[in-house]
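Results of the structural survey
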Amino acid sequence: MLIFVLELFDNYDTISEIVIDYSMRVGLGPLSIVVGIIFYRKVVVFTKRADIEAKTEALVMPIIEENNLELVDVEYVKEGSDYYLRVYADKEGGITIGDCEIVNRALGDLLDQDDYIGDAYILEVSSPGLTRPLKKEKDFKRSIGKVVEIKTFAKVNGAKEFEGVLKAYDENTVTIELEDETEITITRKDISMIRLAFIY
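Predicted model only: the values in this text are computed from it and were never measured. (Residues numbered from 1 in each chain as written. Predicted model: local features only at pLDDT ≥ 70, side-chain atom pairs only at ≥ 80, totals over all residues. Heavy atoms only, no water.)

Observations concerning a negative patch on the surface
Heads up, the condition is: Exposure above 30% relative accessible area and the lack of any salt bridge qualify a residue for a patch; like charges then connect within 9 Å, and the nonpolar side chains Val, Leu, Ile, Met, Phe, Trp and Tyr within 5 Å. Accessible areas in this description were obtained via Shrake-Rupley with a 1.4 Å probe; residue shielding takes into account the shown protein chains only. A pair is scored as a salt bridge if a Lys or Arg side-chain nitrogen falls within 4 Å of a carboxyl oxygen belonging to Asp or Glu. Counted as positive: Lys and Arg. Counted as negative: Asp and Glu. His and the chain ends are not counted at all. The atoms used to mark charge sites are NZ of Lys, CZ of Arg, CG of Asp and CD of Glu. In this text, helices come from DSSP runs of H or I with a minimum length of four residues, and strands from runs of E with a minimum of two, each type numbered from the N-terminal end.
Judged by side-chain charge, D109, D112, D114 and D115 come together as a negatively charged surface patch. Mapped onto the elements, D115 comes out in the loop between α4 (97-114) and β3 (121-126).

Here you go:
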């Protein structure tokens with residue numbers, strides 16, 4: 001199916017032409033062709049986003065290191081009709097507005113030179129923020145020993161929300177110590193959200 005769909009975009013101008021012709025030629029129903037097209041487009045979008053994020057991370061790292069900062073994450077997302085290229089950075093004691101302006105200005109110049117993003121986009125450089133979810137391995141690593149909030153898709157031990165100190169993690173599980181000093185290990189595929197807890 002995916003091979004068929006890869007050929008489609010090279011030979012046809014509209015999805016209607018694709019569905020009609022390939023339904024007749026390969027014996028697949030129109031719905032199967034449409035599903036294949038949707039799948040292909042999602043793969044392309046994901047690959048494009050990952051490529052932009054990787055290139056941006058490579059560009060910004062020297063700037064981050066030169067200013068004694070830590071790169072937390074890079075993300076390229078579409079919100080509404082706008083695309084955003086976001087760089088999250090931090091440092092001991094917290095990143096300042098001045099730090100963000102330095103990185104934004106230097107990175108912006110490099111992005112103008114390389115010009116590898118075809119869409120119009122907004123560049124943002126900021127701190128990770130307290131409500132930002134833990135997503136990557138380095139997010140978990142830097143949060144060991146800190147209090148996190150976890151929400152699960154379904155109940156685990158009778159609850160769907162947990163708060164405790166992050167004790168350990170691996171690619172499949174997260175372990176936290178609850179207030180009563182007991183530990184609970186939650187499968188990562190069951191977690192809908194995990195982030196640093198806001199302590200009042």
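Some words on unusual backbone geometry
Heads up, the rule is: Between buried and exposed lies partly exposed: a residue is buried under 20% and exposed over 50% of the maximum accessible area for its type, with that area taken using a 1.4 Å probe on protein chains only.
A positive phi angle, near 55°, is found at N68, a position not held by glycine. Within the secondary structure, N68 is located in the loop between α3 (30-66) and β1 (70-79). Given the relative accessible area of 65%, N68 is considered exposed. Its identity is not glycine, yet E181 carries a phi of approximately 75°, on the positive side. Considering the arrangement of structural elements, one finds E181 in the loop between β6 (173-177) and β7 (183-187).

Details of α4
Spacing of three or four residues puts side chains on the same side of an α-helix, whose turn is 3.6 residues. Convention followed: Helix span, as expected, comes to 1.5 Å for every residue beyond the first. The directions considered for the arc are those from the helix axis to the C-beta atoms.
With 18 residues, α4 ought to run about 26 Å at 1.5 Å a step, and its terminal C-alpha atoms sit 26 Å apart, in line with that. Of the positions making up α4, those classed as buried are D99, C100, V103, L107, G108 and L111. For α4, the buried positions fall inside an angular range of 150° around the axis, keeping them on one side. Exposed residues lying more than 90 degrees from the buried face of α4 are R105, D112 and Q113.

Observations concerning the sheet that holds strand β4 (residues 147-156)
Operational definition: Between any two strands, at least two bridges found by DSSP are needed for them to pair. Fitting a line to C-alpha atoms yields each axis, with helices limited to the stretch in contact; the angle taken between N-to-C directions then spans 0 to 180 degrees.
Read from one edge of the open sheet, 5 strands run β7-β6-β5-β4-β8, paired in antiparallel fashion. Looking at which strands have only one partner, the edges of the open sheet turn out to be β7 and β8 (191-196). Here the strands of the sheet are splayed against their neighbours by 40° on average, with no regard to which way each runs. Relative to strand β5 (residues 159-169), β4 is paired through 6 bridges, and the arrangement is antiparallel. Within β5, the residue paired with V148 across the bridge is G164.

What about the confidence of the model for the protein chain?
Convention followed: A residue's pLDDT is the predictor's confidence in that residue, given on a scale from 0 to 100. In this description, contact between two residues means that some pair of their heavy atoms is separated by no more than 4.5 Å.
Scored by pLDDT, the protein chain has a mean of 80; 74% of the residues are at 70 or more. Confidence drops under a pLDDT of 50 for residues 1-23, and excluding neighbours within four residues, the segment shows 42 contacts in the predicted structure. Confidence drops under pLDDT 50 across residues 32-46; counting only partners more than four residues distant or on other chains, this segment forms 25 contacts.

Overview of the side chain of D139
Put simply, the rule is: Two N or O atoms count as a polar contact when they lie within 3.5 Å, although within protein this holds only if one can serve as hydrogen donor and the other as acceptor, and sequence-adjacent residues are included solely when both atoms are side-chain atoms.
With respect to the element layout, D139 can be found in helix α5 (residues 137-143). By relative accessible area, which is 2% here, D139 ends up buried. Only 2.9 Å separates the side chain of D139 from the backbone nitrogen of K136, close enough to count as a polar contact. Sequence-distant contacts of D139, defined by excluding residues within four places in its chain, comprise V72, R132, P133 and L134.

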